[in-house]
Amino acid sequence: MPVIDVVRTEGTPHESVHGLREDTTSRGVDLDGARIVATYADGSTEVLTWQALDPYTNGGATGQGIDLFFGNDWHALSTSKLLTSLEIDLQPASSVFDTTFTTDDDPAGGSTPGSKNGFPFHLAPEHDGMSGQLAVTYSGVVNLEGSPAQGDLYTTMVVDFTGLPEGGFLGDLKWNSDIDTMKVDGDLVPTSVPCLTRGTLVATQAGEVPVEALRPGDMVQTMDRGWQPVKLVLRRRVTQRELARNKRLYPVRIRAGALGEGIPKRDLLVSRQHRMAVRSGIVQRMFDCETVLVAAIRLTSLPNIHVDETLEEVEYFHLILSAHEIVFAEGAATESFLANRQTIDSLAPAARREFTALFPQYVNGQCNPAPVRKLPSRLRQKRLIRRHLENRKDLYCV
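Residues numbered from 1 in each chain as written. Predicted model: local features only at pLDDT ≥ 70, side-chain atom pairs only at ≥ 80, totals over all residues. Heavy atoms only, no water.

A. Examining the overall build of the protein chain more closely. For the protein chain, the helix and strand inventory stands at 5 helices and 28 strands. In terms of overall size, the protein chain behaves like a compact globule, its C-alpha atoms giving a radius of gyration of 23 Å where 398 residues would be expected to give roughly 21 Å. Seen through its C-alpha atoms, the protein chain measures out along the principal axes to roughly 70 × 45 × 40 Å. Counting over 398 residues, the protein chain shows a buried share of 49%. If you sum the accessible surface of the protein chain, you get close to 17800 Å²; carbon and sulfur atoms cover 48% of it. (Helix = DSSP H or I, 4+ residues; strand = E, 2+ residues; numbered from the N terminus. Rg over C-alpha atoms; globule rule 2.2 N^0.38 Å. Buried < 20%, exposed > 50% of the residue type's maximum accessible area, 1.4 Å probe, protein only. Areas by Shrake-Rupley, 256 points an atom, 1.4 Å probe, with all protein chains shown as cover.)

So this is what it looks like as structure tokens:
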């Protein structure tokens, strides 16, 4: 039997509002929508979507070089090409890997409430004769909203086969890994990444340009460093169904003039965690600096700023420069993408791969950028907004 090296990574948790289904036994049909990425020794990659194969039990995914099947017992893998790694992302299926034997009534903790006990990846007994090493990495830690992650539940499992004698796997393999399914579909959709929405006008050297029209090399206006080139623009479309399942995906609408005189120029729609620059005498007194960055959701206690649940769908865009900057959207000072472990982990898998291909230094730990302005704690952000409300002061004073 090969040595199996299991690694559980840290990172910003996916927060579950509703928790796990009481019947935590998941079947292949429950994984419908999961994302599979197969990477082969020849450098090619297949991206597949797991599908339910009947209404009750079975599911699987089939590509040109790989076939996966799971009912309610062993997972079955068959490959016709030398497979070097297999990634299974259960987040789109609202399911998780339960990776520890710890029970949720253990007085020492270590198990998410409702998850009972689980276990990590292990091979079927018929593979006792295999040699070499498998590396199994779990990422996308999950917790219940408002409580710390216990480190047992994860959305994504990657199996690295390069430690096998052949440098990969070819043939048939059976394994098991405990999987639980969330009580409510869509409960694990990430909502923490700051984004602008389609149609938002961004100040550039060529004038105000819709964010979706920006391309690498376009020069955008920044508060501190003049014109800076766009490095990457990532996008994510959120459908009507996704919005209905998870109201945290609705954007915050900041009405024209809500932040100050003529700021923003037009209504500005941003994701809940997208930060806006706040500059006032109150900021100076509270933080001993001119400007801080505050999440849009914290502004919704103010007039003319609210979560807009009237939209049928929304498309979000991450504006990525070489560093964290203050840029101008609809004339309002706001942030570009702050690339750190938290935001990178919160990207959808495809966007994460696109980002890390361009900025590998953020993944290997060589780069840990500082935010361009202070980011007050959640409590101090609330106090800051309350003081502006009580004193009827604009959030942004030029």
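Further notes follow.
B. Highlighting the packing of aromatic side chains. Under the definition given, this model contains 4 aromatic pairs. Ring-pair connections join several aromatic residues into one group, and the members of that group are Phe97, Tyr138 and Tyr154. In this structure, Lys81 packs its charged tip against the face of Tyr40, placed 4.4 Å from the ring centre. (Phe/Tyr/Trp six-rings, centres within 6.5 Å; stacked < 30°, edge-to-face > 60°. Lys NZ or Arg CZ within 6 Å of the ring centre and 35° of its normal.)

C. Highlighting the pattern of salt bridges. By the definition in use, this model includes 17 salt bridges. A salt bridge links Asp30 to Arg21, with the nearest nitrogen and oxygen atoms 3.4 Å apart. The class of Arg21 is partly exposed, set by a relative accessible area of 21%. Shared partners join several salt bridges into a network, and the residues in it are Arg198, Glu212, Arg235 and Glu315. (Salt bridge = Lys/Arg side-chain N within 4 Å of Asp/Glu carboxyl O.)

D. Structural detail: the environment of Lys382. Secondary-structure assignment places Lys382 in helix H5 (residues 378-391). Taking C-alpha positions, Lys382 is 6.4 Å from Arg298, a pair spaced 84 residues apart along the chain.

E. Representation of the pairing of strand S16 (residues 201-204) in the model. The alternating pattern of S16 places Leu201 and Ala203 on one face and Val202 and Thr204 on the opposite face, and all of these are buried. By the bridge criterion, 4 bridges tie S16 to strand S17 (residues 207-210) in an arrangement that is antiparallel. For Ala203, the partnering residue across the bridge sits in S17 and is Glu208. (Pairing = 2+ DSSP bridges.)

F. Quick peek at the pairing of strand S12 (residues 153-160). With 6 of 8 residues buried, S12 is to be regarded as a mostly interior element. Note that strand S8 (residues 75-89) and S12 share 5 bridges and pair antiparallel. Bridging from a neighbouring strand, Glu87 pairs with Val158 of S12.

G. Broad picture of the nonpolar core. Judged by nonpolar contacts, the single largest core of 46 residues is most densely connected at Leu214, Ile254, Leu259, Val292, Leu299, Ile305 and Leu384. Within the second largest apolar cluster, 33 residues are counted, among which are Ala93, Phe121, Val141 and Leu164. (Core = buried A, V, L, I, M, F, W, Y, C linked by side-chain atoms within 4.5 Å.)

H. Highlighting unusual backbone geometry. Cis peptide bonds are those with omega within 30 degrees of zero, and the linkage from Ile263 to Pro264 qualifies with -5°. You can see Pro264 is positioned in the loop between strand S21 (252-254) and strand S22 (268-270). A positive phi angle, close to 55°, is found at Lys116, a residue other than glycine. For Lys116, the location among the structural elements is in the loop between strand S9 (95-98) and strand S10 (122-123). The partly exposed category is assigned to Lys116, whose relative accessible area is 42%. Its identity as a non-glycine residue notwithstanding, Arg392 has a phi of 50°, on the positive side. Residue position: Arg392 is located in the segment after H5.

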